[in-house]
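One-letter residues, chain by chain:
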Amino acid sequence: QVQLVESGGGLVQAGGSLRLSCAASGRTFRYYAMGWFRQAPGQEREFVAAISRAGVNTYCADSVKGRFTISRDNTENTVYLQMNSLKPEDTAVYYCAADLTAERIVAGPSQGVYWGQGTQVTVSS
């Protein structure tokens, strides 16, 4: 089992940057692909980015491509989401996720996915 704790959210002006972190418990972090999802009020949770277990392959949603970067540090059991050029439409609760493969994360959360509690990101115009 994996426990995930996100941090780094907050309030930022449009055009600004934030870096989200997700710390995972346990020694099995390197066996999981990791990802980020977000959910805005009244909307469904949507895929943002994913990274393979070794960090070789990354995937980003078209809406954030070129602005967001996902990375991981398997020695620190942490995955990051660097968010640049933020827009008001990026406002959402951001959730960290762990699953067996990055492709499963991209395809949509599987029943076996582990979730963090979420961190709020608010971008003002």
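See above for the structure.
Every chain begins its residue count from 1, and numbering advances along the sequence as written. The predicted nature of this model means local features are confined to residues of pLDDT at least 70 and side-chain atom pairs, given and counted, to a pLDDT of 80 or more, with totals for whole chains, interfaces and linings taken over all residues. Only hydrogens and water are set aside; all other atoms, that is, all heavy atoms of the structure, feed into the side-chain values.

What follows deals with the state of the cysteines. Joining two cysteines, a disulfide is a covalent bond between their sulfur atoms. By definition, disulfides here are pairs of cysteine sulfur atoms that lie within 2.5 Å. Within this structure, the stated rule accounts for 1 disulfide. The disulfide partner of Cys22 is Cys96, and the S-S distance across this bridge is 2.1 Å. Across the S-S bond linking Cys22 and Cys96, the dihedral sits near -85°, which makes this disulfide left-handed. Of this pair, Cys22 sits in strand β3 (residues 18–24) while Cys96 sits in strand β9 (residues 92–99), and the two are 74 residues apart along the sequence. Secondary structure counts use DSSP, requiring at least four H or I residues in a row for a helix and at least two E residues in a row for a strand, with both numbered from the N terminus.

Met34, Trp36, Val79, Leu81, Met83 and Tyr94 are the most contacted members of the largest nonpolar core, which totals 37 residues. Counting only elements with at least two residues in this core, the list comes to β3, β4 (33–39), β5 (46–51), β7 (68–73), β8 (78–83), β9, α1 (102–107) and β11 (119–124). The criterion is simple. A nonpolar core is a set of buried Ala, Val, Leu, Ile, Met, Phe, Trp, Tyr and Cys residues joined through side-chain atoms within 4.5 Å. The cut-offs for exposure are 20% and 50% of the maximum accessible area for each residue type, with area from a 1.4 Å probe on protein chains only; residues under the lower value are buried, those over the upper are exposed, and the others partly exposed.

The backbone of Asn77 sits at a positive phi, close to 55°, despite the residue not being glycine. With respect to the element layout, Asn77 can be found in the loop between β7 and β8.

Quick look at the sheet that holds β8 now. In this scheme, strands are said to pair when DSSP sees at least two bridges between them. In space, the 4 strands of this open sheet follow the order β1-β3-β8-β7, with antiparallel pairing throughout. Two strands close off the open sheet at either side, each with one partner strand: β1 (4–7) and β7. For this sheet, the mean angle separating the axes of adjacent strands, direction not counted, is 15°. Pairing between β7 and β8: 6 bridges, direction antiparallel. Paired with Ser71 across the two strands is Tyr80, which belongs to β8. Where helices are involved, their axes are fitted lines through C-alpha atoms of the stretch in contact, as for all axes, and angles between N-to-C directions lie from 0 to 180°.

What follows deals with the pairing of β5. For β5, the buried fraction is high: 5 of the 6 residues fall into the buried class. Between β4 and the antiparallel strand that follows it, β5, lie 6 residues; Gly42 among them carries a positive phi value of about 75°. Taken together, the 3 bridges between β5 and strand β6 (residues 58–60) define a ladder with antiparallel strand orientation. Bridging from a neighbouring strand, Ile51 pairs with Thr58 of β6.

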